[in-house]
Amino acid sequence: SCFLGILAVLVAQAMNAVITRFLLRRERLTRAATDARLQITSQFVEAIRHLRWYGWQDHWLRRVMDARQHELNRRIVTRLCTTSINFINAFASGVFPVVALYAYTMLAGHELRIDIIFPALQLFTMLETRLRDIPSLITALINASIALGRINDFMAEPDKEQIDSEQPLDDTPFQLDSCSFAWPGKLTPVLRDINVTIPRGLTVVSGKVGAGKTAFLQALLGELDRLNGSCHLPNETIGYCAQTPWLQSMSIRDNILFSAPYDDQRYKRTLEACALLPDLSQFKHGDLTFIGENGVGLSGGQKARVALARAVYSASRVLLLDDPLSALDHNTAEVVVRKCLSGPLMQNRTIVLVTHRTALV
């Protein structure tokens, strides 16, 4: 009779196994929806100033809410599956003593005495306590399996393409010949049939919003997957100033040096070229002022100039500058163009500058 009760539990767990397999597939889709929602939300927060400037915040907000609703729909299905597993386990724990006692009395014809029923109920309660742990164990195993699968997919990604270190005959840092590029892991190109040769000196890249200027710099950095064509990229350290300034939680000086050796003369020339001296005079501790996480203690223009100063101060012979003038007022931007971009710190360097302020440049 006890084995019949155990058989009922096994049948219930077989039903749980079917639900668990379905839940495993749905949970992978839920995690992908969560990733998409986090990505689009992060992009929305980071670019909120530009989106408000061009009046695109409503369109992006709808995209954020659509991604959130898609994730919630996935989570509803996941919750229904989890509830079904809990219900089946609770039902199985109640059916087990019923089936066992029914088989003992009605099928086997035994008398259900007091010295049998109370020890049996105690054992059934112990078994029911263990059965309650099964749903949480299943959830933990599902989460672990999905997490390991995501890590394994990441580790199985192909290595980045090795860049040829040989210089072309005319010694130009960048040469792209009929190249098409796509974001990593994607097959749809974001840049098509690019033919460009970038010589030493200053090269200005301009275009309307969304034309692919940042993607072009990412391609020059080797961060995009090349689908076709041939290209030559410099196999050396490249100074990169992103459109959204990236600053560490340390002093202004440490952010500019970025672990490079301190050269007093070069450092002061960099501060002057990036128009940072008037700003530093307003701080009590000057360039030793602690700016907080991601430069929270600085204004938008100060963040942009500190990030620019880090690229300028570096020993890199190639600099990629992604719209460092957008957050600056006209007078400050004019000083930066005259003293930095046209100054001695940029001599014998290759500079690719993305900007909308072409008249100023």
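Residues numbered from 1 in each chain as written. Predicted model: local features only at pLDDT ≥ 70, side-chain atom pairs only at ≥ 80, totals over all residues. Heavy atoms only, no water.

Peer 1: Tell me about the sheet that holds strand β2 (residues 191–198), residues and numbers included.
Peer 2: With antiparallel pairing, three strands are arranged side by side in an open sheet as β2-β1-β4. The open sheet terminates on both sides in strands that have one partner only, identified here as β2 and β4 (225–232). Pairs of neighbouring strands in the sheet enclose a mean axial angle of 10°, with direction left out of account. Alignment of strand β1 (residues 174–182) against β2, held across five bridges, turns out to be antiparallel. Its bridge partner lying in β2, Cys179 is registered against Ile194. Across the sheet, helix α6 (residues 213–221) is in contact with β1 and β2; its angle to β2 comes to roughly 65°. (Pairing = 2+ DSSP bridges. Helix = DSSP H or I, 4+ residues; strand = E, 2+ residues; numbered from the N terminus. Axes fitted to C-alpha atoms, helices over the stretch in contact; angles between N-to-C directions. Contact = heavy atoms within 4.5 Å.)

Peer 1: Which residues make up the packing of aromatic side chains, and what values do they have?
Peer 2: For the structure on display, the rule yields five aromatic pairs. Geometrically, the ring pair formed by Phe96 and Phe124 is edge-to-face, given 5.0 Å between the ring centres and 85° between the ring planes. Taken together, the residues span a long stretch of sequence, with Phe96 in helix α3 (residues 57–107) and Phe124 in helix α4 (residues 114–131) at a distance of 28 residues. Of the two residues examined, Phe96 and Phe124, each falls in the buried class. Taking the centre distance of 6.2 Å and the plane angle of 85° together, the rings of Tyr267 and Tyr313 count as edge-to-face. Of this pair, Tyr267 sits in helix α8 (residues 264–273) while Tyr313 sits in helix α10 (residues 300–313), and the two are 46 residues apart along the sequence. Take Tyr267 and Tyr313: they sit in the same class, and that class is buried. Clustering of aromatic rings is evident, with ring pairs tying together Tyr262, Tyr267 and Tyr313. Cation over ring: Arg266 sits above Tyr313, and NZ or CZ is 5.8 Å from the ring centre. Lying over the aromatic face of Phe258, Arg310 brings its terminal NZ or CZ to 5.2 Å of the ring centre. (Phe/Tyr/Trp six-rings, centres within 6.5 Å; stacked < 30°, edge-to-face > 60°. Buried < 20%, exposed > 50% of the residue type's maximum accessible area, 1.4 Å probe, protein only. Lys NZ or Arg CZ within 6 Å of the ring centre and 35° of its normal.)

Peer 1: Please give an account of the pattern of salt bridges that cites residues and values.
Peer 2: Scanning the entire structure with this criterion turns up ten salt bridges. For Glu71, the salt bridge is made with Arg75, and the minimal N-O distance between the two is 3.1 Å. With a gap of four residues between them, Glu71 and Arg75 both fall in helix α3, about one helical turn apart. Exposure remark for Glu71: the relative accessible area of 4% places this residue in the buried category. A relative accessible area of 42% means that Arg75 is categorised as partly exposed. Residue Glu236 is joined to Arg317 by a salt bridge in which the shortest nitrogen-to-oxygen separation is 3.0 Å. Residue Glu236 is located in the loop between β4 and β5 (238–241), and its partner Arg317 is located in the loop between α10 and β6 (318–322); the two are separated by 81 residues in the primary sequence. A cluster of three or more residues bridged by salt bridges with shared partners is formed by Arg37, Glu71 and Arg75. (Salt bridge = Lys/Arg side-chain N within 4 Å of Asp/Glu carboxyl O.)

Peer 1: I'd love a proper account of helix α5 (residues 133–155), names of residues and values included.
Peer 2: For α5, built from 23 residues, the straight-helix expectation of 33 Å at 1.5 Å per residue is met to within 8% by its first-to-last C-alpha distance of 33 Å. Taken together, the buried positions of α5 are occupied by Pro135, Ile138, Ile142 and Ile146. On its buried side, α5 packs onto α1 (2–46), α3 and α4. (Expected span 1.5 Å × (residues − 1).)

Peer 1: For the sheet that holds β5, give the residues involved together with the corresponding values.
Peer 2: Spatial ordering of the open sheet is given by β3-β7-β6-β5, a layout of four strands whose pairing is parallel. Here the strands that pair on one side only, and so sit at the sheet edges, are β3 (201–205) and β5. Across the sheet, the axes of successive neighbouring strands diverge by a mean angle of 15°, strand direction being ignored. Here β3 runs beside strand β7 (residues 350–354); their pairing, made up of five bridges, is parallel. The residue bridging Val205 from the neighbouring strand is Val354, located in β7.

Peer 1: Provide a residue-level description of α3, including the pertinent values.
Peer 2: With 51 residues, α3 extends 72 Å from end C-alpha to end C-alpha; this agrees with the ideal 75 Å at 1.5 Å per step. Residue Gly109 follows α3 closely and has a positive phi angle near 75°.

Peer 1: Before we move on, can you summarise the environment of Arg21 with the specific residues and values?
Peer 2: Summarising the element assignment, Arg21 is placed in helix α1. Note on Arg21: relative accessible area 61%, which makes it exposed. Residues Arg21 and Ile142, spaced 121 residues apart in sequence, show a C-alpha to C-alpha distance of 9.3 Å.

Peer 1: Lay out the nonpolar core in plain terms, naming residues and giving numbers.
Peer 2: Core analysis: the biggest nonpolar cluster contains 34 residues, and Ile256, Leu308, Leu321 and Cys340 have the highest contact counts within it. Among the elements of the structure, α7 (252–257), α8, α10, β6, α11 (330–341) and β7 are those that each provide at least two residues to this core. Of the residues forming this core, the biggest block, seven residues, is contributed by α10. With residues up to four places along the chain from it excluded, the contact list for Leu308 reads Cys241, Cys274, Leu321, Pro324, Val336 and Cys340. Residues Phe216, Leu217, Val352 and Val354 belong to the second largest nonpolar core, which totals 20 residues. (Core = buried A, V, L, I, M, F, W, Y, C linked by side-chain atoms within 4.5 Å.)

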